[in-house]
Amino acid sequence: MDFNRIQEKLNVLADAAKYDVSCASSGSDRANKDKGLGNASKMGICHSYTEDGRCVSLLKILLTNHCIFDCAYCVTRKSNDVKRAAFKIQEVVDLTINFYRRNYIEGLFLSSGIFKNADYTMERLIAVAKKLRLEENFNGYIHLKSIPDASDELMYEAGLYADRLSVNIEIPTISGLKLLAPDKKHEDFTKPMLKVKNELIRFKNEHKVIKSTPKYAPAGQSTQMIVGATGETDKDIMYSATYYYKQYNMKRVYYSGYVPVAEDNRLPSIGSQVPMLRENRLYQTDWLLRFYGFAVNELLNNDHPNLDIDVDPKLSWALRNMHHFPVDVNHADKRMLARIPGMGMRSVEKILNARRFRKLNWDHLKKIGVALNRAKYFMICDSRNWERKDLDAEKIKGMILQQSTGKFRNQYSTQLSLFN
Amino acid sequence: MNPSKTLIYDGSFNGFLTTVFVAFEERIEVMDIQRNTQGQNGLFSETETVFTNVEKAKRVWNGIRNTSHNAITNVYFAFLSETDGIELMLYTYIQKLMATKGPKQMDYSDGIVLRISQLARSVGREKHRMEAFVRFQLTKDDIYFANIEPDFDVLPLISKHFRSRYADQQWLIYDVKRKYGIYYNLEHVELISLNLKEVHFNKIHKSDAFLNEEYDYQTLWNDYFKSTNIKSRINRKLHTQHVPKRYWKYLSEKKETA
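Residues numbered from 1 in each chain as written. Chains lettered and ligands numbered in written order. Predicted model: local features only at pLDDT ≥ 70, side-chain atom pairs only at ≥ 80, totals over all residues.

### With respect to the overall build of chain B
The line we're drawing: Helix and strand definitions follow DSSP, with helices as H or I runs of at least four residues and strands as E runs of at least two, each counted in order from the N terminus. Residue burial here comes from a neighbour count, namely the number of other C-beta atoms, placed from the backbone, that lie within 10 Å of the residue's own C-beta, with 20 or more meaning buried, 12 or fewer meaning exposed, and in between meaning partly exposed. By the criterion used throughout, residues are in contact when their C-beta atoms, derived from the backbone, lie within 7 Å.
When helices and strands are counted, chain B shows eight helices and eight strands. Counting only C-alpha atoms and orienting by the principal axes, one finds that chain B spans roughly 70 × 45 × 35 Å. Sorting the 258 residues of chain B into buried and exposed places 35% on the buried side. Long-range pairs, those at least 24 residues apart, make up 67% of the contacts in chain B with a sequence separation of at least 6.

Dropping the structure here:
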């Protein structure tokens, strides 16, 4: 191993890959085959966390950062003057295996700049995965990037070796895409998505009849959208996310606050703040849609095209819909329990179990772990004291904000700070 | 009425289950259950030493498992938390479990049930952390070696994970705090104790037990860890929340800061 060359390449190509936020290693239960190396953990494992608090689960690198495209938002775009490098296939395989054996990682996340053309690039990515699976008997997690406009045959082959496939839509609106990535068409992105979706359905059907049908991307597919690059509303983002969830059976849609990487008059300038709070609110909304039974038009619609910054989306919905409250914790159905602000799905399950035995009061709820600072205004339980009395939405919001703190508070607080 | 007794067992999980069996069978009014190393006799209670019997332990295990899968996990995990007084809490928990008829629901409004499930959860979290934070270093004998110092006794819980994952390499995970380890010899996992002269932190100073290549890979991993960080998003609080400082000394990517 030529240590210095590898070190240099790794630094360049890991640095370029870090803007891909997905690092999930969950959803696949690939078993260890013939006493080989590795298996996939169904719930995924984060082996470390970077100083920005993000999970490090996979060796996330680009095969190369040479690229023929010139997308304005991308750090490896053709016109950007950065150091370029490319890994050999064997080098990626060696790195993956050696990191894996030391329990540093769950597997490999391989992406690439596009060189020559889409199919040529996709072939090289597949070659790495194939080598790992067939020659090294590696059964850990592999996440391959689908290159926009890659052919159906290649997408089929990719799914045979990868656990997850993803193609990043990046810009949530078609008009934004035209502005920032004039070389790419919307259909280039959706073509591999559609193929993967169809293959997943085919696998599911065939697997029912023939158990030995080879696995196809068992952890499904995901995509990512950049937030805050083109002036889109939260409604635009979440409606397109919902579209991808429904239309392409996405496992996940990721939201990535735009990190300015270039001076370009179409984009926020370098040094402007990454919209981390907004990103957080979008993830909260995503969770409400996937796990709490909310519909997207309840949370975002023409009257409310953007999420509240100062309160979380569930609380914000509750404040707009006070007629549903207060909810009786001892009688309400699961759906309504899940809609109480400050109540998580774990608490909901515990409450459903516990209330078979006795009526629950504030003390029980507190011990179970409900965030009462928010929840107490929206529920009644086995107690004569309950908070809401005749408070209106504005008052409740005021009281909740007064009694809580948030690390982003200084970014949106209207209160003037005394010493500046 | 039977006089209340303090039961003494050998500290093993099977020993504890045997104690539960004996207490049920002889209808003992249990005052406390203690490990034989504790030796805190109550002033006014009798003590009885229980000898571990795998058959009896198995019957209790199966009895709990047959009522609820969730409960047997809770009992085992909470036991490994080594919390003071855990034995008596678990005994009460098992009594409650056996007393309820019909489908087993968990009464989370009951203090003990909630506490046991929370303890089991902490141990589960520690197990998951160890599956993540073990850092193997390749020794000159071709064994992947790691030392750990978990809050709870999780080695028995993580053995299966590592056995099925690293089936083609010899590995050894050693618990520095409890002074025993698990070693996989390509066939099966065995418990071992070592006379470990020095604890192999991922320190900057190198040990000649390891290959040079090992330190190259640690350097690459550290570099990777650094370059995957996005500086404009820095959030140290979240970072330490996910990777608590007590684990840092064993993580090669944190070796400069620990």
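After presenting the structure, the write-up continues.
### Some remarks on the overall build of chain A
The line we're drawing: Between the two quantities, the radius of gyration covers C-alpha atoms and the globule rule is 2.2 Å times the number of residues to the power 0.38.
Within chain A one finds 16 helices and ten strands. Its C-alpha atoms give chain A a radius of gyration of 24 Å, within 12% of the compact-globule value 22 Å for 420 residues. Summarising its shape, the C-alpha atoms of chain A cover approximately 70 × 55 × 40 Å along the three principal directions. Counting the 420 residues in chain A, one finds 47% classified as buried. For chain A, restricting intrachain contacts to residue pairs at least 6 apart in sequence, the fraction spanning at least 24 positions comes to 69%.

### Observations concerning the sheet that holds strand 6 (residues 164-166) of chain A
All names here are of chain A. Rule in force here: In this analysis, strands are considered paired if DSSP registers two or more bridges between them. For helices, the fitted axis covers only the stretch in contact; all axes are lines through C-alpha atoms, and the angles between them, taken along N-to-C directions, range from 0 to 180 degrees.
On the basis of which strands lie adjacent, the open sheet formed by six strands has the order 3-4-5-6-7-8 and parallel pairing. Two strands lie at the open edges of the sheet, namely strand 3 (58-62) and strand 8 (252-257), each paired on one side alone. Neighbour-to-neighbour, the strand axes of this sheet turn through a mean angle of 20°, independent of strand direction. Two strands pair when backbone bridges link them, and strand 5 (residues 141-145) and strand 6 are joined in this way by three bridges, in the parallel orientation. Among the inter-strand pairings, L144 is bridged to a residue of strand 6, identified as L165. Strand contacts of helix 7 (residues 234-248): strand 7 (221-227) and strand 8, with the helix running at about 170° to strand 7, the strand carrying the most contacts.

### With respect to the pairing of strand 8 (residues 189-192) of chain B
All names here are of chain B. Taken together, the four bridges between strand 7 (residues 180-184) and strand 8 define a ladder with antiparallel strand orientation. The partner of G181 across the bridge, within strand 8, is I192. What sits between strand 7 and strand 8 in their antiparallel hairpin is a turn of four residues, with L186 showing a positive phi close to 75°.

### Points about helix 7 (residues 212-227) of chain B
Formally: In a helix, the anticipated span is given by 1.5 Å times the number of residues less one.
Between the first and last C-alpha of helix 7 of chain B there are 23 Å, a value that for 16 residues agrees with the 22 Å anticipated at 1.5 Å per step. Residues of helix 7 of chain B that are buried sit in contact with helix 1 (3-17), strand 1 (48-49), strand 2 (55-56) and helix 2 (89-101) of chain A together with strand 4 (137-138) of chain B.

### Considering the sheet that holds strand 2 (residues 29-35) of chain B
Residues and elements named next belong to chain B. With parallel pairing, three strands are arranged side by side in an open sheet as 2-1-3. Of all strands in the sheet, those with a lone pairing partner are strand 2 and strand 3 (46-49), marking the two edges. In this sheet, adjacent strand axes meet at a mean angle of 30° when their direction is disregarded. For strand 1 (residues 4-9) and strand 3, the ladder comprises four bridges, and the chain directions are parallel. Following the sheet pairing, I8 is matched in strand 3 by T49. Running over the sheet, helix 1 (residues 13-25) touches strand 1 and strand 2 and is turned about 155° from strand 1.

### Re the environment of K334 of chain A
Residues and elements named next belong to chain A. Within the fold, K334 resides in helix 11 (residues 334-337). On the basis of neighbour count, K334 is assigned to the partly exposed category, with 13 C-beta atoms found within 10 Å. The spacing of K334 and L154 is 180 residues in sequence and 44 Å in space, taken between C-alpha atoms. Apart from the residues lying within four places of it in its own chain, the contact partners of K334 are V348 and L352.

### Focus: unusual backbone geometry
Negative phi characterises most residues that are not glycine, and trans characterises most peptide bonds. All names here are of chain A. Here the bond from F325 into P326 is cis, since omega is 0°, no more than 30 degrees from zero. By the element assignment, P326 lies in the loop between helix 10 (313-320) and strand 9 (327-328). The residue A217 is not glycine, and still its phi comes out positive at about 35°. Note that A217 resides in the loop between helix 6 (186-209) and strand 7.

### Some remarks on the domain arrangement of chain B
Residue and element names in this part refer to chain B. Here is the rule we go by: By convention here, the domain bounds are inherited from an automatic or database domain assignment. Each residue is assigned to one class: nonpolar for Ala, Val, Leu, Ile, Met, Phe, Trp, Tyr, Cys and Pro, charged for Asp, Glu, Lys and Arg, and polar for all the others, Gly among them.
Partitioning chain B into domains gives domain 1 (4-126) and domain 2 (134-254). One C-alpha centre belongs to domain 1, the other to domain 2, and the line joining them spans 33 Å. By residue class, the composition of the side of domain 1 that touches domain 2 is two nonpolar, one polar and two charged.

### Concerning the interface of chain A and chain B
Chain A puts 44 residues into the contact, and the matching count from chain B is 39 residues. Where the side of chain A that touches chain B is concerned, the elements lending two or more residues are helix 1, strand 1, helix 2, helix 12 (345-354) and helix 13 (362-368) of chain A. The element that contributes the greatest number of residues to the side of chain A that touches chain B is helix 1 of chain A, accounting for seven residues. Looking at the side of chain A that touches chain B, its residues break down into 18 nonpolar, 14 polar and twelve charged.

### Examining the packing of helix 1 of chain B against helix 2 (residues 54-67) of chain B
Residues and elements named next belong to chain B. Worth spelling out the cut-off: Here roughly perpendicular refers to angles of 65 to 115 degrees, roughly parallel to angles under 35, roughly antiparallel to angles over 145, and oblique to all remaining angles.
Axis separation between helix 1 and helix 2 bottoms out at 8 Å; the angle between their running directions is 75°. Relative to helix 2, the element helix 1 is oriented roughly perpendicular. For the pair helix 1 and helix 2, the contacting residues are N14, L17, T18, V20 and F21 in the first and V54, K56, A57, R59, V60 and W61 in the second. Its residues placed into classes, the contact of helix 1 with helix 2 shows seven nonpolar, two polar and two charged.

### Describing the UniProt feature "domain: Radical SAM core" (unreviewed entry) in chain A
To keep things clear, this is the line we draw: UniProt positions are given in the numbering used here, feature names are shortened, and annotations may be inferred rather than shown by experiment.
Residues given the UniProt feature "domain: Radical SAM core" (unreviewed entry) here are residues 62-238 of chain A. For residues 62-238 of chain A, the end-to-end C-alpha separation is 28 Å, with 44% helix and 12% strand making up the annotated structure.

### Brief notes about the packing of helix 4 (residues 152-161) of chain A against helix 6 of chain A
Packed helices, taken two at a time, are described by their axes: the angle between them and the distance between them. Residue and element names in this part refer to chain A. Quick reminder of the rule: Should the near helix be turned anticlockwise from the far one by less than a right angle, the crossing is left-handed, and should it be turned clockwise, the crossing is right-handed.
Across the interface, helix 4 lies against helix 6 with an axial gap of 10 Å and an inter-helix angle of 50°. Here helix 6 runs oblique to helix 4, going by the angle between their axes. Crossing handedness for the pair helix 4 and helix 6: right-handed. Residues D152, M155, Y156 and G159 of helix 4 form the contact with helix 6, whose participating residues are P192, K195, V196 and E199. The residue makeup of the contact of helix 4 with helix 6, split by class, is four nonpolar, one polar and three charged.

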